[in-house]
Amino acid sequence: MSSALTDLVPLPIVQAPMAGGVSVPRLAAAVSEAGGLGFLAAGYKTADGMYQEIKALRALTSRPFGVNLFMPQPEYAEPAAVEVYAEQLAGEATWYDAELGDPDSGRDDGYEAKLAVLLDNPVPVVSFHFGCPTPEVIEALARKGTLTLVSATSAEEAQAVERCGAHAVIVQGVEAGGHQGTHRDDPERDRAGIGLLSLVAQVREAVALPMVAAGGIMRGSQIAALLTAGVSAAQLGTAFLATAESGAHTVHKQALTNPLFVRTELTRAFSGRPARGLVNRFLREHGPYAPVAYPEVHHLTSPLRKAAAKAGDAQGMALWAGQGHRMARALPAGELVEVLAAEIAAAQAEQAAARVGSRAGGQGGGPTGNEGR
């Protein structure tokens, strides 16, 4: 990580910004207080809603933290496909006694208004998902003292991040829970995601930017391995989703380790964009037919997801989770950071001991002349 960001937080642990009410101020504060980098998710909030959460977080901690923004999406969805999907969801609306949402509720997620707030009230770190901001935006934030990170899911996207001038790239492997941060939503790439370790190696050779690794990370030993592979920090989402401070629904937290949910899949069922979640009834029934239409499908299904959550029905909720979800630990967030830090230290000590042992074996491990006869 760049020296500025390394100096900002003592531990190489970043709490992923999870939109939809998970990354609440109390979670970000607990992570930052423990020495990691806590994050707020501005996605799906108004600019004022984001500002109020920043104020609440600052009242809880004086430590550095970050705010994540969703990039505006291009106009390419086919309205007819969304209409057909709405017809397919009519039974869900009846079942949950809910109305389908308006698919035309906005595409830019209030991006410009949120940027204005972050320029008027600077925060230590801002990250971007679903694409790169312009170099002018990066420069404007930098003049305010804000460090910037941008997600990438390929070496080519990482090169775009480098060109836009960001301070670091978040290298997101296909194992990650929630939405893939692809810069362009190409349906031909739905089954072409790259695993985190392979992606880290590719990005390391493609750009000179510091890397923050994300995707299925649940243990400090994994973080240590990634540090050895060349990253500067690890971003964990699912690991923090289960913590006491997380704003996730109790049903969602319990589902992470519930034997009923044995695997995850990337799906467009809930939002129209590829996102990894636990396989439940809604995903199985509607995933194969969901159109390439984000955020239209997100708006369309939002009332259904809320109704399912209110009913405590895990089979109708978007249970976002990474591939390591069964390793989730229901600890307080600050304690989880401490456990992860201890696991990193232990793994690094083992690595150092192994290197010493290897060198010693190479210097004096051969037989003497008499023993070799």
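Being a predicted model, the structure only gives us computed values, none of them experimental. In every chain, residue numbers begin from 1 and rise along the written sequence. Where local features are concerned, this predicted model is filtered to residues with pLDDT of at least 70; where side-chain atom pairs are given and counted, the filter is 80 or more; whole-chain, interface and lining totals use all residues. Excluded from the side-chain calculations are hydrogens and water; all other atoms, namely the structure's heavy atoms, are used.

## Observations regarding the state of the cysteines
Okay, so step 1: The disulfide criterion used throughout: a pair of cysteine sulfur atoms within 2.5 Å. Applying the stated rule across the entire model yields zero disulfides.
Okay, so step 2: Considering cysteine sulfurs only, Cys132 is the nearest to Cys164, which forms no disulfide, with 4.3 Å between them.

## As for the confidence of the model for the protein
Okay, so step 1: Scored from 0 to 100, pLDDT records how confident the predictor is in each individual residue. Per-residue confidence for the protein gives a mean pLDDT of 94; residues scoring 70 or more make up 96%.
Okay, so step 2: In this description, contact between two residues means that some pair of their heavy atoms is separated by no more than 4.5 Å. A low-confidence stretch, residues 366–373 (pLDDT under 50), is modelled with one contact involving residues beyond four sequence positions or located in other chains.

## Remarks on the pairing of strand S8 (residues 211–214)
Okay, so step 1: Think of it in three bands: with a 1.4 Å probe and only protein chains considered, a residue is buried below 20% of the maximum accessible area for its type, exposed above 50%, and partly exposed in between. Runs of H or I in DSSP of at least four residues are treated as helices and runs of E of at least two as strands, each being numbered from the N terminus. Side-chain alternation along S8 places Met211 and Ala213 on one buried face and Val212 and Ala214 on a second face that is also buried.
Okay, so step 2: The criterion for strand pairing is that DSSP finds at least two bridges linking the strands in question. Taken together, the three bridges between S8 and strand S9 (residues 233–236) define a ladder with parallel strand orientation. Considered in S9, the bridge of Ala213 is made with Ala234.
Okay, so step 3: Crossovers are described as right-handed under a simple rule: with the strands pointing away from the observer, the path leading from the first strand over the helix to the second runs clockwise. As for the winding sense of the linkage, the β-α-β connection from S8 through helix H10 (residues 220–228) to S9 is right-handed.

## Observations regarding helix H8 (residues 155–164)
Okay, so step 1: Inspection of H8 places Ala155, Glu157, Ala158, Val161 and Cys164 among the buried residues, and these make up the whole buried set.
Okay, so step 2: Here the buried face of H8 lies against helix H7 (135–143), strand S5 (147–152), strand S6 (168–172) and helix H9 (196–206).
Okay, so step 3: Phi for Gly165, located one or two positions after H8, is positive at around 95°.

## Considerations on the pattern of salt bridges
Okay, so step 1: Every case where a carboxyl oxygen of Asp or Glu lies within 4 Å of a side-chain nitrogen of Lys or Arg is listed as a salt bridge. Evaluated as defined, the whole model comprises eleven salt bridges.
Okay, so step 2: When the shortest N-O distance is used, the salt bridge between Arg184 and Asp186 registers 3.4 Å.
Okay, so step 3: Here Glu285 ties to Arg281 by a salt bridge, and the two come within 3.1 Å at their closest N and O atoms. Taken together, the residues Glu285 and Arg281, both in helix H13 (residues 281–286) and four residues apart, mark about one turn of the helix.
Okay, so step 4: On the basis of relative accessible area, Glu285 is assigned to the partly exposed category, the value being 41%.
Okay, so step 5: Connected through shared salt-bridge partners, Glu92, Arg281 and Glu285 make up one network.

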